[in-house]
Amino acid sequence: MKHIIWLTIFAFFGFIKVSDAQELNRANTFEKPFPFNTDSLIFQLKTLSSDAFQGRRTGTAGAEKAKNHIIKKFKNLKVLPFTRDYQQSFSFISRGKSYSGVNILGYVKGSKHPEDYIVVSGHYDHEGIKNNQIYNGADDNASGVAALFAFAEYFETHPPEHSVILAAFDAEELGLSGSRYFVANSIVPLKHIKLNLNMDMISRNDNNQLYVVGTAFNDSLKKAISNYKNSDKLSLLMGHDGNDGLENWTMSSDQAPFHQNNIPFLYFGVEDHQDYHKPTDTFENIHPEFYKNAVKTIISIFITLDAMPF
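Here is a short report on the structure shown in this document. No experiment lies behind these values; they were computed from the predicted model shown.

## Quick word on the overall build of the chain
- Helix and strand counts for the chain come out as 8 helices and 11 strands.
- Residue pairs at least 24 apart in sequence account for 82% of intrachain contacts in the chain once pairs closer than 6 positions are excluded.
- As displayed, the chain has an accessible area near 12,600 Å², and 49% of this comes from carbon and sulfur atoms.

Structure, rendered in structure tokens:
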């Protein structure tokens, strides 16, 4: 996450009409019960960030184990494969070294707009083992992958209106290579991918603040997020998009290839913490209550956006 990549940023404007700005406020109330099993969410983050997965570096045995775990979980949650056995293999070169990666793609058919897609994504790779230390990547980004499972659990009883691709991207830490391949070799015409919701580092923040990036490029998304009602449990803040003096995250994670192809996106993440890209980014250092509320917030926003016409 948060690689600084100097690329041309393409701006684009509204893709949806907001017919009822108050719908989001009704959907996001914290008084409602969690729409997923919070114990399972925490367990999955703990599992994926354990030493058994050896930091999940692309092309390693740990990454293979993580891939198999994610596929098994998708199957258990009745998520259909979007590709053969959920896998999209690709090869690339990074810093003079050749790699083979595998994106994991699940599919949930839309109930009203099955030909149009929302991609909900989070990368599953991390730094692996360096200097005999395991970089577990609990926040970065076991947190985003476990949240994909929470989405899948929600869809079991609440089918989305638009078809959803649940994408666990590989090789984000190596130049966003998995998401770049996915977009460049899209299985469906890009014009049918209406939105990307990307999650990368969403499980801890000392101030209970979660940032959402992407509203600066789309008036409808900005209006929808502006109507989100914060609570004392979590503050959702717009920013880090190049317009507020903060570090620009527009191109920092797997939303970047979508943005470059004029596909609207929202990227959810926290500001860097003391354990970012260090061996200390472990399960013990996440903030469980913040994480649960962050995932609930993101699903609430999805519900509202899914109900809007594209």
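The discussion continues.
## Quick word on helix α4 (residues 138-157)
- Between its first and last C-alpha, α4 extends 28 Å over 20 residues, near the 28 Å set by a 1.5 Å rise per residue.
- Among the 20 residues of α4, 17 are classified as buried, and the element is accordingly described as predominantly covered.

## A short note on the nonpolar core
- Grouped together as the largest cluster of nonpolar side chains are 63 residues, with contacts concentrated most on L166, L210 and F268.
- Looking at this core element by element, the count peaks at 12 residues for α4.
- Leave out the neighbours within four places in its chain, and L166 touches F74, V79, I104, L105, G106, V108, V120, L148, F151, A152 and F155.
- Grouped together as the second largest cluster of nonpolar side chains are 14 residues, Y107, V119, A167 and I193 included.

## Concerning the packing of helix α2 (residues 38-48) against helix α3 (residues 61-76)
- Relative orientation of the contacting elements α2 and α3 amounts to 160 degrees, with a least axis distance of 11 Å. For the element pair α2 / α3, the angle class is roughly antiparallel. The interaxial crossing formed by α2 with α3 has right-handed handedness. Across from S40, Q44, T47 and L48 in α2, the residues of α3 making contact are A66, H69 and K73.

## Things to note about the packing of α4 against helix α8 (residues 288-306)
- One can describe the packing of α4 onto α8 by two numbers: an axis separation of 10 Å at closest approach and a directional angle of 50 degrees. By the angle between their axes, α4 is oblique relative to α8. Viewed along their axes, α4 and α8 form a crossing whose handedness is right-handed. Where α4 approaches α8, its residues A142, S143, A146, A147, A150, F151, Y154 and F155 are matched on the opposing element by Y291, V295, I298, I299, F302 and I303.
- In terms of residue class, the contact of α4 with α8 is built from 13 nonpolar, 1 polar and no charged.

## Section: the side chain of N136
- Turning to its location among the elements, N136 is positioned in the loop between β6 (133-135) and α4.
- Dropping the residues within four chain positions of it, N136 is found in contact with S49, S50, D51, R56, H126, P279, D281 and T282.

## Description of the pairing of strand β4 (residues 113-123)
- Across the 11 residues of β4, 8 count as buried, placing the element largely inside the fold.
- By the bridge criterion, 5 bridges tie β4 to strand β8 (residues 193-199) in an arrangement that is parallel. By the bridge assignment, S121 is partnered in β8 with N198.

## Notes on unusual backbone geometry
- The linkage connecting D140 with the following residue, N141, adopts the cis geometry, with an omega of 5 degrees.
- With respect to the helices, strands and loops of the structure, N141 is situated in helix α4.
- The phi angle at Q54 is positive, at roughly 50 degrees, despite the residue not being glycine.
- Inspection of the secondary structure assignment puts Q54 in the loop between α2 and α3.

## Examining the layout of surface pockets
- Of the pockets and cavities examined, the largest pocket occupies roughly 160 Å³.
- What lines the largest pocket is simply R204, N205, D206, N207, Q209, E271, D272, H273, Q274 and H287.
- Looking at the lining of the largest pocket, its residues break down into no nonpolar, 6 polar and 4 charged.

The rules behind the values
Residues numbered from 1 in each chain as written. Predicted model: local features only at pLDDT ≥ 70, side-chain atom pairs only at ≥ 80, totals over all residues. Heavy atoms only, no water. Helix = DSSP H or I, 4+ residues; strand = E, 2+ residues; numbered from the N terminus. Contact = heavy atoms within 4.5 Å. Areas by Shrake-Rupley, 256 points an atom, 1.4 Å probe, with all protein chains shown as cover. Expected span 1.5 Å × (residues − 1). Buried < 20%, exposed > 50% of the residue type's maximum accessible area, 1.4 Å probe, protein only. Core = buried A, V, L, I, M, F, W, Y, C linked by side-chain atoms within 4.5 Å. Axes fitted to C-alpha atoms, helices over the stretch in contact; angles between N-to-C directions. Parallel < 35°, antiparallel > 145°, perpendicular 65-115°, else oblique. Left-handed = near helix turned anticlockwise from the far one by under 90°. Nonpolar A, V, L, I, M, F, W, Y, C, P; charged D, E, K, R; others polar. Pairing = 2+ DSSP bridges. 1 Å grid on protein atoms, 1.4 Å probe; cavity = no way out; pocket = protein on both sides within 12 Å on 5 of 7 lines; lining within 4 Å. Points joined across faces, edges and corners; volume = space filled by probe spheres on them.

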